[in-house]
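A structural walkthrough
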Amino acid sequence: MRRSMLFMPGNNAGMLLNADALGADSIILDLEDAVSPEEKDSARILVRNALKYLNYNNCEVIIRINSIDTKYWKKDLDEIIPLKPNLIMPPKVSCAHDVQVIADYILSIENEHKIENETAIIPLIETSLGVENAFEIAKSNKRVKAIFLGGEDLTADLRCKRTKKGDEIMYSRGRMVIAARAANIDVYDTPFTDVEDEEGLKLDCEFAKGLGFTGKAVISPRHVMCVNEVFSPSKRDIEYAYEVMEIIKVAKEQGKGAISLHGKMIDAPIVERARQTIEMAEAMGGVI
Amino acid sequence: MSKIVNSLNEVIKLCGLKDGMRISFHHHLRNGDNVVNIVMDEISNLGYKNITINASSVFDIHYPLIGHIRNKTVTGLEVNYMGGVVGREISSGILDVPVEFRSHGGRPSDIETGKTPIDIAFIAAPTSDNMGNCSGKYGKSACGSLGYAFADAMHAKKVVVVTDNLVKYPLYDFSIAETYVDYVVCVDKIGDPSGIVSGTTKITKDPVGLMMASYATKVIQHSGLLKDGFSFQTGAGGASLAAAKYLKDLMIEQKIKGSFGIGGITSYMVDMLEAGCFETLMDVQCFDLRAVQSIRENPKHKEVTASHYASPTSKSAIVDNLDVVILGATQIDTNFNVNVHTDSNGYIMGGSGGHSDTAAGAKLTMIVAPLSRARLSIVVDKVLCVSTPGNTVDVLVTQRGIAVNPLRKELKDRLKDAGLPIVDIHDLKNLAESITGVPKDIKLGNKTVANVIYRDGTLLDTIKNTL
Amino acid sequence: MKIKNIAVAGTLESNDIYVQVEPNENGINLELESIVYSQFGEEIERTVREVLHDFDVKNITIRLKDRGAVECAIRARVETALKRAKGVDE
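Throughout what follows, the structure given in this document is the object of discussion.

Calculation notes
Residues numbered from 1 in each chain as written. Chains lettered and ligands numbered in written order. Predicted model: local features only at pLDDT ≥ 70, side-chain atom pairs only at ≥ 80, totals over all residues. Heavy atoms only, no water. Phe/Tyr/Trp six-rings, centres within 6.5 Å; stacked < 30°, edge-to-face > 60°. Helix = DSSP H or I, 4+ residues; strand = E, 2+ residues; numbered from the N terminus. Buried < 20%, exposed > 50% of the residue type's maximum accessible area, 1.4 Å probe, protein only. Core = buried A, V, L, I, M, F, W, Y, C linked by side-chain atoms within 4.5 Å. Contact = heavy atoms within 4.5 Å. Expected span 1.5 Å × (residues − 1). Buried area = accessible area lost by both parts, 1.4 Å probe. Salt bridge = Lys/Arg side-chain N within 4 Å of Asp/Glu carboxyl O. Polar contact = N/O pair within 3.5 Å; in protein donor to acceptor, adjacent residues only side chain to side chain. Pairing = 2+ DSSP bridges. Right-handed = clockwise from strand over helix to strand, strands pointing away.

This part takes up the packing of aromatic side chains. Residue and element names in this part refer to chain B. Counted under the stated rule, the structure contains 5 aromatic pairs over all chains. When the centroid spacing of 5.5 Å and the interplanar angle of 15° are considered together, the rings of F25 and F122 count as stacked. Taken together, the positions of F25 in strand β2 (residues 22-25) and F122 in strand β6 (residues 120-125) put the pair 97 residues apart, joining distant regions of the chain. A single burial state applies to F25 and to F122, both of which are buried.

Moving on, we get to the nonpolar core. Ranked by internal contacts, the top residues of the largest apolar core, which has 210 residues, are A:I147, B:I90 and B:F232. Top contributing element to this core by residue count: helix α8 (residues 207-221) of chain B, with 9 residues. Those residues in contact with B:F232 that sit more than four places away from it in its chain are B:I220, B:A244, B:L247, B:F260, B:G261, B:I262, B:M269, B:M272, B:F278, B:L322, B:V324 and B:I326. Counting 33 residues, the second-largest nonpolar core is a separate cluster that includes B:M282, B:V284, B:A359 and B:A369.

Over its 18 residues, helix α1 (residues 37-54) of chain C runs 24 Å from end to end, which matches the ideal 26 Å to within 8%, given 1.5 Å per residue. At the exit of α1(C) stands C:D56, carrying a positive phi of roughly 55°.

Looking now at the interface of chain C and chain B. Interface size, as often reported, equals the accessible area lost upon joining of the parts. Taken together, the contact between chain C and chain B spans 15 residues of the former and 12 residues of the latter. Summing both partners gives a buried area of about 1100 Å² for chain C against chain B, and 55% of it is carried by carbon and sulfur. Interface area lost by chain C to chain B is led by C:Q39, C:F40 and C:V70, which between them contribute 52%. Seen at the junction of chain C and chain B, the total is 1 salt bridge. Residue B:K440 is joined to C:E42 by a salt bridge in which the shortest nitrogen-to-oxygen separation is 2.9 Å. Between the two partners, chain C and chain B, sit 5 residue pairs in polar contact (both at pLDDT 80 or more).

For the rest of this paragraph, the subject is the interface of chain C and chain A. The partner chain A presents 16 residues to the 14 residues of chain C that form the contact. Between chain C and chain A lies a buried interface of about 1200 Å² when both sides are counted; carbon and sulfur atoms form 52% of it. The three residues of chain C that bury the most area against chain A are C:C72, C:R77 and C:R84, which together make up 39% of that side's buried surface. Our count for the contact surface shared by chain C and chain A stands at 3 salt bridges. Where A:D41 meets C:R84, a salt bridge forms, and the shortest distance between an N and an O atom there is 2.7 Å. Put simply, chain C and chain A have 7 residue pairs in polar contact (both at pLDDT 80 or more) between them.

This part covers the sheet that holds strand β8 (residues 134-135) of chain B. Taken in spatial order, the 3 strands make up an open sheet running β8-β7-β10 (chain B), and their pairing is mixed. Looking at the sheet topology across the chains shown, the edges are occupied by β8 and β10 (166-167) of chain B.

On to the pairing of strand β1 (residues 4-9) of chain A. Residues and elements named next belong to chain A. Counted residue by residue, β1 has 5 buried out of 6 residues, so it is predominantly covered. Looking at chain direction, β1 and strand β9 (residues 215-218) are connected through 3 bridges and run parallel. Considered in β9, the bridge of M5 is made with A217. Traced from β1 through helix α1 (residues 13-18) to strand β2 (residues 26-30), the parallel crossover comes out right-handed.

Once that is clear, we can look at the pairing of strand β3 (residues 28-34) of chain C. Residue and element names in this part refer to chain C. When β3 meets strand β4 (residues 60-66), the two strands line up parallel, connected through 7 bridges. Bridge pairing links E31 to R63 in β4. Taken together, β3, α1 and β4 constitute a β-α-β crossover, and its handedness is left-handed.

Just geometry here; none of it tells us what the structure is for.
Dropping the structure here:
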């Protein structure tokens, strides 16, 4: 279950200690923008050790490496891949080829270390070219499990201001969702950057959910709870999901090919959504 | 007629101070206090020796006490809380006789029953008239409630009001009545306002603290106590305040009308009062400007005496009617005993304050603390000092799990059913140590530097000197 | 390996350790300050010496100011300092 992804600065020893206790479904240990050029080596080694010695059992671990146009990305992967993080997040991905270059290098490291477990990839799309190529990026490699929209850098590329309302990234958001769903993978929305504005965060989350995003990245631990709440199925959604599964069972027993619930035909996509909802509900337990 | 005396020098002589007597102070001016220092300077200059000080708390600003102890002006100390600067020296053994630590409820009780009789009480008062009707609510050094000063005023043999804001008679909105006061002295500054109260207390921005606060609120929510008539107390630390904020939002959402909030009042408690979460705030101490303003202006925000708040020998006290209290800890052991007197190296830097009183009285006592601080687990096998006994502590909330005292099986089941991460306290300790490593035990000396007197008068623990 | 330059790593922030290394011709000179010296001083020194051993460093002056870093952070910062001192073979 991945509703929230929390960015954590990779060179901060204190934050790495508690990264997995902040309620986020996934943590993004950041070797890129959160780390100055002089400290890239330091962050890399610290994150590697964190993966090795701290048991991040309660959450998924994502590493944001440096982009492939820097001198750091290969060293990042050299240190990290042997520790088998769940996902790598390459920034500034603009085309399928970018993904391929990274996937190939990851594979070479895995072969060298005889690693079976496959680290997945979640490309961060934050350039106009990237948005334009969203679908091909989404289906470029079987390691790609989701795509993630980076609004801040994107608006720089679009030559416009980044606003809370987000009109300027409206198209990009919609495009990302379509690309991801067409490729049958998940899709994540850009973080809300005003740490203090709780109302604004909620509106932004609800908007993203309304568009079909799977979840949202956050830059502050204070935003995690809201994101988790908004992107969790509601009580009604869960009740409905159980009703769907029940009625399908009934249909099977009665030998019916098609069945309706509350006046609506229940077809395969609805059953699948119900199944996913129940899975999420069970993963959440009683507490969000 | 006037009780005004022109100088501290004069008033000390008028009160008939003698070597070996006991004098008292309250701590409502906190780390901005000037009064203890100027009174003690005068007493020292006049050559008195072997004075015992009973101060409800001693803060870092009172470091000159160290000099007075070294030259034997002061040979006895009784407090409810001691800051780290003076604490460190006490821990090294500069006093021949152990410090007596009491709680905020135990101190007025012992003053009233004569266990610690006060010869002269010095009452720092932000505003007073010439006959000694005084208050903490007004004046440039306003501190709000004078809760801890009442027992002193009512039971000391001689009572001196020390103020920096003299007003015309009568100060009709008085807290302490002239009937208790012998003399009034006016000085330039009784304290520094910025040290007396915080401009604003702020909830923590630390994500771990917020996580703890969030869990704490959920525990309260599922405890069965959060319903109309609910009463609550929380500390002034960042995570405690965050819990107050979350609780307020929850109470408003669920339309719960509580009865009272007590403490230690901060702007967050004032927010709760103004939002209608409580009928009243019972205030024994104000922590920030908003609390001071509220106690001055809002008739629902009441000053209460320390005895009323927490004395075990009053006919009844507010803590006995309290539903939930949120407290901190430097250490907690696997029997839920809590240490708030010393740090992990055994240096004195705290004290019970109202900790043991509220823990004894509240239906639900919650300790909210991070699982470890700077590589040291909060959960230990044995605390360096028992400040509050484990049988009065119900729940430990950390960012990595919640432990419930085995004495509260029903509560534990409730919280587990609600889906909260309930773990055994031993498992929490092991989890902490799996991250931090296992620390070497601290070695302390053989000299007792402090006695921890529980609210029932018994000796709860002793604190040994550091090496 | 040989330590060629002075190098630093880490910070004085909570839960971190500040490490400074310098070349030295007479063995390992280790100076440790720590806020948890009583509880973990021996442990920290042992860890540092292990890392020096792993990287085959025989001559070094290493000064550490610890603010409660856990073992994996201590190892990381020492390793970073050694690599920055350009004395360590990859």
